[in-house]
Amino acid sequence: MPVRTAIVGTGNRAQLFTEGLAKRDAYDVVALCDPNSVRMAFHNRMLLAAGRRTAHQWPPGRFKEMLRVERIELLIVTSVDATHNLYIEAALRAGVRVISEKPMTTDAAKATSILAAVQETGGSLSVAYNYRFNPVHRRVRSLLADGAIGDIHSVHFEWLLDVSHGADYFRRWHRDKANSGGLMVHKASHHFDLVNWWLGAEPRIVYAQGQLAFYGPGHSHGYARPYDRVDGSAAATDDPFALHLADNATLRELYLDAEGEDGYYRDRNVFAPGVTIEDDMALLVSYNSGATMTYHLTAYSPSEGYRVVFNGSRGRLELNVEESTFTAPNQRVESSKGWVHGDLAAPTAGRTTITLRPLWEPPIDHTVAHDHTGHGGADARVLAALLDNDPTETPDIADARQAALALVTGLAANRSFETGLPVHTSDLLPI
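Note that the structure is a prediction, hence the values are computed from the model and not measured.

Reading the values: the criteria
- Numbering of residues begins from 1 in every chain and follows the order in which that chain's sequence is written.
- Reporting of local features is limited, given that this is a predicted model, to residues whose pLDDT is at least 70; pairs of side-chain atoms are given and counted only at 80 or more, and all residues count toward the totals for whole chains, interfaces and linings.
- Just so you know, side-chain values use all the structure's heavy atoms and leave hydrogens and water out.
- UniProt positions are given in the numbering used here, feature names are shortened, and annotations may be inferred rather than shown by experiment.
- Per the convention used, a helix needs a DSSP run of H or I reaching at least four residues, while a strand needs a run of E reaching at least two, with both numbered from the N terminus.
- Salt bridges are counted wherever a side-chain nitrogen of Lys or Arg sits within 4 Å of a carboxyl oxygen of Asp or Glu.
- The contact definition used throughout considers only heavy atoms, calling two residues in contact when any of these lie within 4.5 Å.
- The rule is short: rings of Phe, Tyr and Trp, with Trp giving its six-membered ring, pair when the centres are within 6.5 Å, and they are stacked under 30 degrees, edge-to-face over 60, tilted in between.
- Burial here depends on accessible area, computed with a 1.4 Å probe over protein chains only, as a share of the maximum for the residue type. Under 20% is buried, over 50% is exposed, and the range in between is partly exposed.

Visitor: Got a sec to walk through the UniProt feature "domain: Gfo/Idh/MocA-like oxidoreductase N-terminal" (unreviewed entry) in the protein? Specific residues and values, please.
Guide: UniProt feature "domain: Gfo/Idh/MocA-like oxidoreductase N-terminal" (unreviewed entry): in the numbering of this structure it lies at residues 4-129. The annotated region residues 4-129 carries 42% helix and 22% strand content, and the separation between its end C-alpha atoms amounts to 23 Å.

Visitor: Mind laying out the pattern of salt bridges, listing which residues take part and the relevant values?
Guide: Enumeration over the complete set of coordinates arrives at 29 salt bridges. Via salt bridges that share partners, Asp-168, Arg-171, Arg-172 and Arg-266 belong to a single interconnected network.

Visitor: Account for the environment of Leu-421, with residues named and values stated.
Guide: With respect to the helices, strands and loops of the structure, Leu-421 is situated in the loop between α14 (400-419) and β16 (423-424). Once the C-alpha coordinates of Leu-421 and Arg-132 are considered, the two residues, 289 residues apart in sequence, prove to be 31 Å apart. Contact partners of Leu-421, with chain neighbours within four places excluded, come to Val-206, Tyr-207 and Ser-416.

Visitor: Before we move on, can you summarise the packing of aromatic side chains with the specific residues and values?
Guide: The tally for this structure, following the rule as stated, stands at 18 aromatic pairs. Pairing Phe-214 with Phe-241 gives two aromatic rings, centres 5.9 Å apart and planes at 50°, and the pair type is tilted. Note that Phe-214 is positioned in the loop between β8 (203-211) and α11 (249-256) and Phe-241 in the loop between β8 and α11, a separation of 27 residues in sequence. Residue Phe-214 shares its accessibility class with Phe-241, and that shared class is buried.

What follows is the structure, given as C-alpha cells:
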C-alpha cells in the first residue's frame, strides 16, 4: 500500500515535495495542512495535474487530529521555520516518520526539544540538506576524504547573494528573525552543514559580527522608495528591487490571490521598516578537528556565487562557483515554480571550477559539470535519497543530530552578534 503522506506548509518550496511525491506510486498525499486554503488548493491542482487524487485540507489548529484521522505515516514539514518544531515533535510522538526542510528549527530551546523527542521516541527525522547532493560538493568531499591536501587546517568560505536572490529574504517572512532565525540560520545552515560534512568535524567555538548594512530603512545609499509593498504601488513600477507577483502565474496564485485569507504580503519593499535580520555577517569558527573557518555572507552583492578554499598539510583545494556574473535590473521571475533562485540557471551564469594545488606541483583541474538548475541537480537527488531509500541506509541524509550541528553554528553566531563575545556551541545545544 502507498505510504499515507501529509505536507504541512504549502508555500513555494513545498512544490518540490508535492511534485516529487506525485511522481512516485509508493506515496499517496492524503492531507495538506496550512493556514491558507488558497495555497492548499494550489497544491491540490498540482496533484490533479499529475494524475493523483486531491488531498484533504486541514488547518494547523487540527494538526494532531489530522495525523490520527488520516492515518499519516510520513510527514513533510515545509512551514515557516519557527513552526517546524511544533509539527516535528507531534508527528514523532505519533509514530510518524518526518522529513523537514532546513533548517530543523530556529533557536536552541526548540532544537533541544526536538532532539529529546527523537531520543525518547526512537523516531525517524531527516532534514533535507540538498547541497550535500550537488555533484560539485560531492567531488570536493571525495578529494578531501582521499587526502588530496592532507590534514585540513583552515577553510575560507565566502557566499555572495545578489540583489535579486539576496533581496528576496527581505521581501518576505524571513525578514523577521522571529520567523527565520535570520540568514545565519535559514540560509547559512546550508553552508555550515557542508563544512561539517566536508571536514567530518563539529563546530566548537564561534565568534561573529553582523550588521544590517544595506536593506531596511535609514541608509544613505539612495535606493529606497516610498512604498510598503509592490502590488498597486506606482513607486515600485521600475524599482529594480521590486518583485512583481502578478507577472508570474505561480507567485500570483500562491501569494497574491491568497492575501485575502491571511494578509501575508510576499512583495514587501526591502527598504521598508520591519527588517530584524542582518545582511552582512562575518564568522570565525573552530572545529573539534583543530581546523578553523573564516566565513562571510553578503546579501547585497552585484553577483551571485561562492568561493571555498581549504588549506592543508599537502596543499590547497579551491572551489569557485559563479551562479551569476552580474544581476540585470527589473527581471521577471521566469521559473514556473515561482522560484527567484535555484530552479533555472541565471542568464548571466558563469564558470564553476575545482582546483587542487599540491605543494611543489602544478595545479590540477578537478572541475565537474554544474548546470546551475535545480540547485545544481541537488533537488532531484535529495528527493531520490529521501523518498526512494531507507534513510538509515543513506549516510548522506542529515539526521536530527547532524541537522543540529548545522544549526548550532548559526545560533552561536546570532548569540555572538548580541554579546560581542565568542560562544561555545556546547553552551547552546547538548549535542
